[in-house]
Amino acid sequence: MKKSTRKFLFQRFFKLITLLIALCVVTFILMELSPIDPVTAYVGASTKVGAEQRALIAEHWGLNRPPVERFMAWFTSILQGDWGTSMIYRRPVLEVIGQKFLSSLALMGIAWILSGIIGFILGIVAGIKEGKLADKLISAYCHILISTPTFWLGILFIMVFAVQLGWFPVAMSTPIGVLAEDVSLLDRLSHLVLPALTLSVLGIANICLHTREKTADVMRTDYVLFAKARGESSRSIVFNHVIKNVSLPAVTLQFLSFSELFGGAIFVEQVFSYPGLGHAVVQSGLRGDLPLLMGIAIISLIFVYTGNLTADILYRVIDPRIREEVKA
Amino acid sequence: MKQILTVQNLGISFSQYMKGLRRRSLKVISNLDIELHEGEILAIVGASGSGKSLLAGAILGILPENAALEGEIYYEGQLLSQKDKEKIRGKEIALIPQSVNYLDPLQKVGRQIGISIQKNGGFRTGGSDESRDKTIEHDLPKDKVIENILQKYGLDKAVADYYPFQLSGGMARKVLLATALTSGAKVIIADEPTPGLDEPSLNEVLKDFRGLADDGCSILMITHDIEAALKIADKVAVFYAGTTLEVANTRDFDGGDSSSGDGLLRHPYSKALNNARPNVGFLPSEGSQPFPDNLPKGCPFSDRCVMRTEECEKELPAFREIRGGKVRCIHAT
């Protein structure tokens, strides 16, 4: 491994660690300041649980100890690999996250690929035809989409495709009243379609508008002008010059969009009651499940960070200008 | 010699938006005329903003969309429409652009030189004669052709694998030159081909241009560098504020009375330009080129001219032939 690459990776790793520590502290403080009492959230509105019992639960969870002490206890155990137990699911945090993450991954993966491909193609078309009808239609479509709230779009899809047309199920990831082992792949897929569509439709607008802008820039460059002067056809200009020059920023953007993807998934999973990580993070927040929330925060940070890092690394691999500099 | 490219009464105006939605049309070129003959180098000199580079854009049909074109451009006697320009550019007429920015930053140099070859399906070295340049042959594979052309310019074949950002100024110049040569075009338009070149490279490039022209290729050399132009050009066209003021033979610039520098030039502006050359008179002239929206009514040079009379301000003088050159001045003799 080259020295510069090693230095690069080391720097990124160091950044990740410091970021993780900062994230843990901030999340913990926010939870402390939150008006939600974990005990009330746990026992619910039941009057059967008296004040004494509440105190016992609080003591059992260690809630009566000072915040700093509790944070340090949690922090040391996580360093030892113990992520604690989720209060609402009553299972180890890692196990909960692992299961939820898998179903979210299918959702986000499909949305990510669809939005990337469709957004890129639409963006290229709009950018080449800048100012023409095709561009105006695509841009208008994107601007409408980008100003649409995710949850509203989700509800709209449910109303149209699930309720009125009845093409897809309304919510959840599996049919209700069917044993887990009897659920077919087709069932799972049909439950996935609407949430994935909602999530990707929003991603398309983002990628498309950025790609359009970059394509229009490239079309105005001297090298495209020269390509025209050399008699290259529009087709040849697009395939020889535009796509490669535009795909660099597009690829980066696509990996940087991990955070928006995750944010979007929270809304979408909530609207469709889709039991993924996004759904779990809302539950843990509303019910004061500190261990689970912290766990998800850490995992999502690593997820988003991985996206950004991939973008950085890809940039170094694809762009000869950066690659050759690294070599030299 | 056969006329290959003729530009008559070329006018270019740009529409631009003013305050609010008011639109105005700004005429930046009004009366450009040039004639290019086979095997000839025509240098086009003039200050920035005189319309030199726009001329290249107009011939190749690559002006921006808000530009409107007037006048006629003929290639081999045929009036060119935009469609015709699109058909012949790169094949019959090649452009050598100004800088390395005209190369795709993410494509290797060799491939970019190769684009010209691929598109023509073969290799011509200008004109209709049999392969004049022995290093470049019809049936060679593309890689070989690229290698040969690089070698011809003293570049290692490894340069084919370079990206444009790795080229030095001189190398970039040669690569840009190579893109035009591999196209086999009969007319080469070189837009500022000399800046940034060191003395030996400059001479090499100039020698190549001369060689190409002697082989039958016609070259339109757009330049600021009068000294370089005079070394190789057959004729020099002097542009001023979007108008061709004079087309002179190269020797007119240093003939005649050498102490005054006036030589055999016809137009007062060309004389002033010549007098400003460091090794002639090194004399600056008062004033500056007017902006396109503020041109004098008659001769565009009338506000600065030493020979001005009332007549000059009435209308633009016609382009007339005097002593083997052409001039747009009523006082010229």
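One can find the structure itself at the top, above this paragraph.
Described in the following lines is the structure provided in the data block. (Residues numbered from 1 in each chain as written. Chains lettered and ligands numbered in written order. Predicted model: local features only at pLDDT ≥ 70, side-chain atom pairs only at ≥ 80, totals over all residues. Heavy atoms only, no water.)

1. What to know about the pattern of salt bridges
Residue and element names in this part refer to chain A. The criterion, for reference: Salt bridges are identified by distance alone: a Lys or Arg side-chain nitrogen within 4 Å of an Asp or Glu carboxyl oxygen. Here a helix means four or more residues in a row that DSSP labels H or I, a strand means two or more in a row labelled E, and each is numbered from the N terminus.
In the structure shown here, the tally under the stated rule is 22 salt bridges over all chains. Linking R70 and E32 is a salt bridge whose minimum nitrogen-to-oxygen distance equals 2.6 Å. Linking R70 in helix 4 (residues 67-79) with E32 in helix 1 (residues 3-33), this pair joins segments that are 38 residues apart in sequence. Within the structure, one salt-bridge network assembled from shared partners comprises E130, D217 and R220.

2. Observations concerning the packing of aromatic side chains
Residue and element names in this part refer to chain A. Let me state the cut-off plainly: Each aromatic pair joins two rings of Phe, Tyr and Trp (for Trp, the six-membered one) with centres within 6.5 Å, and gets the label stacked for planes under 30 degrees apart, edge-to-face for over 60, and tilted for any other angle. Residue exposure (1.4 Å probe, protein chains only): buried if accessible area is under 20% of the type maximum, exposed if over 50%, otherwise partly exposed.
Scanning all chains against the criterion turns up 16 aromatic pairs over all chains. Between F71 and F75, the ring centres sit 5.6 Å apart and the planes meet at 15°, which makes this aromatic pair stacked. Linking F71 with F75, this pair stays in helix 4, spanning four residues, or about one helical turn. Each of the two residues, F71 as well as F75, counts as buried. Their ring planes at 15° and their centres at 4.9 Å tell us that F258 and F303 sit as a pair that is stacked. With F258 in helix 11 (residues 258-271) and F303 in helix 13 (residues 290-318), the pair connects residues that are 45 residues apart, well separated along the chain. With relative accessibility at 12%, the residue F258 sits in the buried group. Note on F303: relative accessible area 13%, which makes it buried.

3. Quick word on helix 12 (residues 277-286) of chain A
All names here are of chain A. Counted only if it meets this: Note on definitions: a residue-residue contact is assigned when non-hydrogen atoms from the two residues lie within 4.5 Å.
Taking burial as the measure, the 10 residues of helix 12 include seven buried ones, the bulk of the element. Elements in contact with the buried residues of helix 12: helix 1, helix 5 (93-128), helix 11 and helix 13. Phi turns positive one or two residues past the end of helix 12, at G288, with a value near 65°.

4. Some words on unusual backbone geometry
Backbone geometry at S273 of chain A places phi at a positive 45°, although glycine is not the residue there. The class of S273 of chain A is partly exposed, set by a relative accessible area of 29%. A positive phi angle is found at E192 of chain B, which is not glycine, with a value near 50°. Here E192 of chain B lies in the loop between strand 7 (187-191) and helix 6 (199-214).

5. A look at the packing of helix 5 (residues 169-181) of chain B against helix 6 of chain B
Residues and elements named next belong to chain B. Rules: Note on geometry: axes are lines fitted to C-alpha atoms, helical ones only across the stretch in contact, with angles between N-to-C directions running from 0 to 180 degrees. For classification purposes, angles smaller than 35 degrees are called roughly parallel, those larger than 145 roughly antiparallel, those between 65 and 115 roughly perpendicular, and all remaining angles oblique. Under this grouping Gly is polar, as are all residues other than the nonpolar Ala, Val, Leu, Ile, Met, Phe, Trp, Tyr, Cys and Pro and the charged Asp, Glu, Lys and Arg.
Interhelical geometry of helix 5 versus helix 6 gives an angle of 10° and a closest axis separation of 12 Å. With respect to their mutual orientation, helix 5 and helix 6 come out roughly parallel. Of the residues in helix 6, those touching helix 5 at K174, L177 and L181 are E204, V205, D208, F209 and L212. By residue class, the composition of the contact of helix 5 with helix 6 is five nonpolar, no polar and three charged.

6. Overview of the side chain of S302 of chain B
Residue and element names in this part refer to chain B. Counting through the fold element by element, S302 comes out in the loop between helix 8 (268-275) and strand 11 (320-322). Judged by relative accessible area, which is 2%, S302 ranks as buried. Those residues in contact with S302 that lie beyond four places of it in its chain are P296, R308, C312 and E313.

7. Re the interface of chain B and chain A
Where the parts come together, the accessible area they lose is often given as the size of the interface. Just so we agree on the cut-off: Each of two parts loses accessible area, computed with a 1.4 Å probe, when they are put together; buried area is these two losses added. As used in this structure description, the phrase polar contact means that two N or O atoms lie within 3.5 Å; if the pair is within protein, one of them must be able to donate a hydrogen and the other to accept it, and residues adjacent in sequence are counted only when both atoms belong to side chains.
Tallying the contact residues gives 25 residues for chain B and 20 residues for chain A. Where chain B abuts chain A, roughly 2100 Å² becomes buried across the two surfaces, and 59% of that area is made up of carbon and sulfur atoms. Across the chain B-chain A interface, the total number found is zero salt bridges. The tally of links between chain B and chain A comes to eight residue pairs in polar contact (both at pLDDT 80 or more). Put simply, the parts of the chain that give the side of chain B that touches chain A at least two residues each are strand 6 (93-96) and helix 3 (109-120) of chain B. Looking at the side of chain B that touches chain A element by element, the count peaks at six residues for helix 3 of chain B. Looking at the side of chain B that touches chain A, its residues break down into 13 nonpolar, seven polar and five charged.

None of the figures reported here should be taken as evidence of function without further support.
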